[in-house]
Amino acid sequence: MTIDVTRWLERDPDPRTREELQFLIEENLVDEIEKRFKKRLEFGTAGLRGLMGCGPNRMNRLVIQETATGLGHYLIRHVENACSRGIVVGYDGRFDSKQFAHDTAAVLAALGIKVYLSRHEVPTPVVAFGVKHLDAAGAVVVTASHNPPRYNGFKVYWENGAQIIPPHDQGIAAEIERAAVKPIPLMSLDNAKKKGLLEWLSDEYVSAYRHAMVNSSLLANHTNPACMTIAYTALHGVGASIAEALLHDIGFTNVLSVPEQRDPEPSFPTVAFPNPEEKGAMDKVIEMAESLKAQVACANDPDADRFAVAVQQLNGRYKMLTGDQLGVLLGHYLLTKTDPSKQLVGNTIVSSRLLEKIAIDMGAEHYKTLTGFKWLSNMAMQLETEQHQFLFAYEEAIGYTIGKQVWDKDGLFTFAIFAQLAAETYTQNKTIWDYLEFIYRKYGIYLNAQKSIQFDPELPAIGDKLRANPPEKIAGLKVVQIEDFKASLRFNLSGPTQPLPYPASDVIIYYLEDQSRIIIRPSGTEPKVKCYYEVVGEMSKQESYLDAMKRMEEKMDALIEAHQESLD
């Protein structure tokens with residue numbers, strides 16, 4: 001360890017993290033040094049993400065430079081004309097994001113790769129847009145999305161515009177290991193500019209994104225946007241200026257941002273956790289909506305790739321749509337605005353099955369993938385045909401992509417499409433809740449929930465324990481089918497075993513006799529397991545929406561309680 005620490009001190013270009021490490025050494029804080037140096041921050045299909053600080057197991061300038069070196073070498077070897085096509089590099093408003101982006105550009109330029117570098121903070125979907133728009137060899141966004149303030153990340157896109165998937169992640173990781181024992185190549189940004197290896201992305205580039213979105217055929221139905229008053233928050237992130245401009249472009253002039261959360265602020269001072277899904281994160285935008293009597297309160301996460309909505313109820317209070325409810329609304333709406341028989345839509349295995357039911361009924365093609373947008377986007381490109389063009393995909397964690405301009409989550413374009421959906425709905429003297437009720441009455445109520453359970457890490461893995469003793473009943477209901485993604489098999493209790501068409505993953509799904517579903521996904525990094533629940537039911541003609549939802553919520557509560565007791 002001493003050799004590693006000493007060598008790290010010699011290579012670290014940042015005086016702050018050198019000072020931090022020197023303090024740990026002088027104070028003999030062995031445990032803390034061990035945390036920083038026991039391994040490298042793992043490079044995976046989402047790139048890097050972790051706490052900031054000194055050492056190879058933290059986000060810092062040396063880690064960024066080594067990562068950029070490995071990425072650059074890999075792209076040169078595996079992407080045709082990577083040097084001339086270039087890499088798009090952008091960054092969010094977090095601590096050191098700009099510095100990390102500039103370090104990335106300095107390394108890539110030194111390797112002879114042209115860099116398209118954002119001059120200012122920019123939303124993640126706007127960077128992802130640039131891969132196809134500029135015919136680049138890939139892209140990097142320095143962002144930790146909705147993680148706490150002391151995190152940052154390094155997100156990588158491939159030449160197809162989507163997040164990297166295997167084997168590219170392993171290949172890049174191997175190149176990073178090699179880069180860690182060699183001198184880091186660096187070129188100043190001024191020299192890179194003079195040599196034609198750096199192009200600054202100006203406001204014209206952002207305008208190109210806006211123009212592409214506004215001219216999408218999916219934004220051709222601006223039904224009375226003046227009827228909408230929308231409260232919005234960027235949650236101290238980078239989405240506000242583009243979100244406001246995009247909405248204004250399509251006629252929504254009554255969009256008001258929470259002032260104290262509008263501009264980038266890396267400490268996120270007004271929220272405990274900068275994720276719209278977390279309790280309390282949308283309090284201020286809901287307060288604004290109440291004062292404005294706005295129909296909806298909307299939010300992007302700090303890098304604007306996710307989108308969340310709270311909708312006013314009849315009692316005047318606001319209630320959050322779940323990620324699945326919003327996904328189902330968007331999917332249904334988009335299919336009604338196109339020829340559904342020519343569309344391809346998808347979602348992840350942990351998302352609601354209702355979108356699949358709607359798609360089949362309307363004649364569209366539907367697909368499912370493992371959790372993560374890297375799978376949704378890459379699979380869509382593989383599956384789409386002349387007969388079925390990709391239209392929409394979502395995951396329950398409030399991530400949505402619409403059309404083919406951005407092959408990743410895009411909270412900005414989703415915001416515009418949702419505003420259009422809402423304006424059309426309210427112009428018909430209906431509410432978003434009425435629209436959701438219409439879908440539930442036609443297709444059935446699909447209610448979803450998620451719970452995490454902590455386990456003793458010294459005990460055997462919960463997934464292996466469940467595989468060794470599969471349950472016959474859960475909550476008094478017979479298990480009729482089990483899908484084991486680790487074995488890539490579907491076990492039908494009254495039929496033949498079938499292969500699963502997915503990459504191997506530590507996931508188990510139980511289907512119960514009343515159509516309920518339980519998904520168990522052990523965490524790969526923490527001693528806990530994530531459980532995803534779905535209950536299904538019909539609405540009678542006489543039953544009110546509120547009564548039906550109360551009945552389904554009670555059914556959900558009973559399922560969760562019984563299942564979690566069975567895991568104890």
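Only a predicted model underlies this, so the values are computations on that prediction, with no experimental measurement involved.

**Points about the sheet that holds strand S12 (residues 343-348)**
1) Next: Pairing is mixed across the open sheet formed by 4 strands, whose spatial order is S13-S12-S14-S15. Here the strands that pair on one side only, and so sit at the sheet edges, are strand S13 (365-369) and strand S15 (399-402). The average angle at which neighbouring strand axes cross in this sheet is 15 degrees, direction not considered.
2) Next: Bridge count between S12 and S13: 5 bridges; the pairing is parallel. Its bridge partner lying in S13, Leu344 is registered against Glu365.

**Quick notes on the sheet that holds strand S4 (residues 138-142)**
1) Next: Judged by pairing direction, the sheet is mixed, and its 6 strands sit side by side in the order S1-S5-S4-S2-S3-S6 without closing on themselves. The open sheet has two free edges, formed respectively by strand S1 (48-51) and strand S6 (198-201), since each of these has just one partner strand. Ignoring which end each strand starts from, the neighbouring axes of this sheet average 15 degrees apart.
2) Next: Bridging between strand S2 (residues 87-91) and strand S3 (residues 115-118) involves 3 bridges; their strand directions are parallel. Note on S3: the bridge partner recorded for Val89 is Leu117.
3) Next: This element, helix H4 (residues 61-78), spans S1, S2, S4 and strand S5 (151-157) of the sheet and lies at about 5 degrees to S5.
4) Next: Of the strands in this sheet, S2, S4 and S5 touch helix H7 (residues 124-133), which is tilted by about 165 degrees from S4.

**A word on the UniProt feature "domain: Alpha-D-phosphohexomutase alpha/beta/alpha" (unreviewed entry) in the chain**
1) Next: Residues given the UniProt feature "domain: Alpha-D-phosphohexomutase alpha/beta/alpha" (unreviewed entry) here are residues 41-179, 208-310 and 322-437.
2) Next: Structurally, residues 41-179 is divided into 42% helix and 18% strand, and its ends, taken at the C-alpha atoms, are 14 Å apart.
3) Next: As a span, residues 208-310 carries 26% helix and 16% strand, and end to end its C-alpha atoms are 30 Å apart.

**Things to note about the pairing of strand S7 (residues 230-233)**
1) Next: Side chains Ile230 and Tyr232 project from S7 onto one buried face, and the interleaved Ala231 and Thr233 project onto a second face that is buried too.
2) Next: Handedness of the S7-helix H11 (residues 240-249)-strand S8 (residues 255-257) crossover: right-handed.

Basis of the calculations
- Residues numbered from 1 in each chain as written.
- Predicted model: local features only at pLDDT ≥ 70, side-chain atom pairs only at ≥ 80, totals over all residues.
- Heavy atoms only, no water.
- Pairing = 2+ DSSP bridges.
- Helix = DSSP H or I, 4+ residues; strand = E, 2+ residues; numbered from the N terminus.
- Axes fitted to C-alpha atoms, helices over the stretch in contact; angles between N-to-C directions.
- Contact = heavy atoms within 4.5 Å.
- UniProt positions renumbered as here; feature names shortened; annotations may be inferred.
- Buried < 20%, exposed > 50% of the residue type's maximum accessible area, 1.4 Å probe, protein only.
- Right-handed = clockwise from strand over helix to strand, strands pointing away.

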